[in-house]
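Notes for the structure review
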Amino acid sequence: KQWYQRRVHGKQWYQRRVHGKQWYQRRVHGKQWYQRRVHGIPEIKINLEAINTLSKKAEEGEALNAHFEMCDQLFVKAKMENVEKVCLWLGANVMLEYTFEEAREMLTSNLTGAEAKLEALLKDLDFLKEQITTMEVNMSRVYNAHVKNVRLKKELEDAAQAGEAAGKRS
């Protein structure tokens, strides 16, 4: 971390310079977290719909024809009969087998949790936007007051110099 000096209104201010990569990583991490929350909700809804379709077909005793992704860019056509359980990918290379009801309960709880977190995140973002606006308004007021004081001081100095010059003439 480097320190550098800069002059503002004739005074020296010392600021810590944050390495650009660290700032970028913080920014990217926050963006990725937000995207996981926003894009995770539709994915959970799609999984719930798939489980509902599978359970409906299993109750009716019909076979289900489906296309699913084996890996990146590789899709497989399958005919599923007598499906009683589903496997859910939990992340970190973990996949578990659930019954339809267990999977539905877990995905529903995940969906409500994700929606609650997203709502809290959006409220926090709105609050931060309001605080940033308030800070910018206050900064402009402080700057305007400073400019007004500098002008007043200059006018008083000019008036004092004009009075001294008039006193020397007489």
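Reading guide: rules and limits
Residues numbered from 1 in each chain as written. Predicted model: local features only at pLDDT ≥ 70, side-chain atom pairs only at ≥ 80, totals over all residues. Heavy atoms only, no water. Salt bridge = Lys/Arg side-chain N within 4 Å of Asp/Glu carboxyl O. Helix = DSSP H or I, 4+ residues; strand = E, 2+ residues; numbered from the N terminus. Buried < 20%, exposed > 50% of the residue type's maximum accessible area, 1.4 Å probe, protein only. Core = buried A, V, L, I, M, F, W, Y, C linked by side-chain atoms within 4.5 Å. Contact = heavy atoms within 4.5 Å. 1 Å grid on protein atoms, 1.4 Å probe; cavity = no way out; pocket = protein on both sides within 12 Å on 5 of 7 lines; lining within 4 Å. Points joined across faces, edges and corners; volume = space filled by probe spheres on them. Nonpolar A, V, L, I, M, F, W, Y, C, P; charged D, E, K, R; others polar.

Overall, the coordinates contain 5 salt bridges when judged by the stated rule. Between Glu-119 and Lys-123 there is a salt bridge, with the nearest N and O atoms lying 3.6 Å from each other. In this pair, Glu-119 and Lys-123 are both assigned in helix 2 (residues 100-169), 4 residues apart and thus about one turn of the helix distant. With a relative accessible area of 47%, Glu-119 lands in the partly exposed category. Lys-123 sits in the exposed class, given a relative accessible area of 54%.

Counting residues in hydrophobic clusters, the biggest one holds 18 residues, and the most contacted among them are Ile-51, Val-86, Leu-88, Phe-100, Ala-103 and Leu-107. At the level of secondary structure, the elements contributing two or more residues to this core comprise helix 1 (20-60), strand 5 (85-91) and helix 2. Broken down by element, the residue count for this core peaks at 8 residues, all from helix 2. Other than its neighbours up to four places away in sequence, Ala-103 contacts Ile-51, Val-86, Leu-88 and Tyr-98.

Our next topic: the layout of surface pockets. Here the largest pocket defines a volume of roughly 1,200 Å³. Forming the walls of the largest pocket are 37 residues, and the residues nearest its centre are Glu-43, Asn-47, Cys-87, Leu-88 and Trp-89. Among the elements of the structure, helix 1, strand 3 (64-71), strand 5, strand 6 (94-99) and helix 2 are those that each provide at least two residues to the lining of the largest pocket. Looking at the lining of the largest pocket, the element that brings in the most residues is helix 1, giving 13 residues. In terms of residue class, the lining of the largest pocket is made up of 21 nonpolar, 9 polar and 7 charged.

Positive phi is not limited to glycine here, since Gln-73 has a value of about 65 degrees. When its relative accessible area of 73% is taken as the criterion, Gln-73 is described as exposed. The backbone phi angle of Asn-93 is positive, close to 60 degrees, even though this residue is not glycine. On the secondary structure map, Asn-93 appears in the loop between strand 5 and strand 6. Classification of Asn-93 by relative accessible area gives exposed; the value is 70%.

The next point concerns empty space enclosed by the protein. In the structure shown here, the tally under the stated rule is 1 cavity of 30 Å³ or more. Looking at the largest cavity, its volume works out to about 30 Å³. Lining the largest cavity, in full, are Leu-54, Lys-57, Ala-58, Glu-62, Leu-64, Met-80, Glu-81, Asn-82 and Val-83. Counting residues per element, the lining of the largest cavity draws most heavily on helix 1, which supplies 3 residues. The class makeup of the residues in the lining of the largest cavity is 5 nonpolar, 1 polar and 3 charged.

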